[in-house]
Amino acid sequence: MTYVIALPCVDLMDKACVDECPVDCIYEGERMLYIQPDECIDCGGCEPVCPVEAIFYEDDLPAGLDAFTAVNAGFFSAIGSPGGASRVGPVGGDHAFVAALPPQVHDAALA
Ligand code: F3S
Ligand code: F3S
């Protein structure tokens, strides 16, 4: 099991979650951030700090967002388990599912 970042992060990328992660396993794409499922230790620290509630425990994903488990895992198919997002920096690109999404509009107060 792992935590998963879902649709509300797309085109917002607040990044408050990154500072909370003790194992630095939240990686930056172009339109959202992704949790490396093999590196996440399920501490849950990231979940409450996201201002748009984009982070879920895998088992608690709402039905409409369940594709994001595979989206987070699939993002790492090319880069594997780098062992630290700050070392890697922005990865560039997104999972194909995210890249194909229309622009996501967010409340101006949060953007
Ligand atoms: Fe995204 Fe929320 Fe983190 S918007 S970058 S999951 S704090
Ligand atoms: Fe990090 Fe969140 Fe997992 S803080 S260890 S990605 S539950």
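In this text, all values refer to a predicted model and were calculated from it rather than measured experimentally.

Calculation notes
Residues numbered from 1 in each chain as written. Chains lettered and ligands numbered in written order. Predicted model: local features only at pLDDT ≥ 70, side-chain atom pairs only at ≥ 80, totals over all residues. Heavy atoms only, no water. Near = heavy atom within 4 Å. 1 Å grid on protein atoms, 1.4 Å probe; cavity = no way out; pocket = protein on both sides within 12 Å on 5 of 7 lines; lining within 4 Å. Sits in = over half its atoms within 2 Å of the grid points. Nonpolar A, V, L, I, M, F, W, Y, C, P; charged D, E, K, R; others polar. Phe/Tyr/Trp six-rings, centres within 6.5 Å; stacked < 30°, edge-to-face > 60°. Buried < 20%, exposed > 50% of the residue type's maximum accessible area, 1.4 Å probe, protein only. Helix = DSSP H or I, 4+ residues; strand = E, 2+ residues; numbered from the N terminus. Arc of directions from axis to C-beta. Contact = heavy atoms within 4.5 Å.

Overview of the site of ligand 2
Part 1 of the reasoning: Not every one of the 13 residues close to ligand 2 is listed here, only the nearest: Y3, C21, C40, G44 and C46.
Part 2 of the reasoning: Using a 2 Å cut-off from the grid points, one finds that ligand 2 occupies the second largest cavity.
Part 3 of the reasoning: Of the residues belonging to the shell around ligand 2, the class tally is eleven nonpolar, one polar and one charged.

Focus on the packing of aromatic side chains
Part 1 of the reasoning: Under the defined criterion, the tally for this structure stands at five aromatic pairs.
Part 2 of the reasoning: When the centroid spacing of 5.2 Å and the interplanar angle of 90 degrees are considered together, the rings of F75 and F76 count as edge-to-face. For the pair F75 and F76, one class covers both residues: buried.
Part 3 of the reasoning: Each residue in the set Y27, Y34, F75 and F76 is aromatic and connected to the rest through ring pairs, giving one cluster.

Structural notes on the site of ligand 1
Part 1 of the reasoning: Neighbouring residues of ligand 1: 13 residues in total, closest C9, D14, K15, C17 and C50.
Part 2 of the reasoning: In a pocket analysis with a 2 Å cut-off to the grid points, ligand 1 is assigned to the largest cavity.
Part 3 of the reasoning: Partitioning the shell around ligand 1 into residue classes produces eleven nonpolar, no polar and two charged.

Re helix 2 (residues 67–75)
Part 1 of the reasoning: Listed as buried for helix 2 are F68, V71, N72 and F75. The arc that holds every buried residue of helix 2, seen down its axis, measures 95 degrees, which confines them to one face.
Part 2 of the reasoning: Contacts made by the buried residues of helix 2 are with strand 1 (3–5), strand 2 (26–28), strand 3 (33–35) and helix 4 (96–99).

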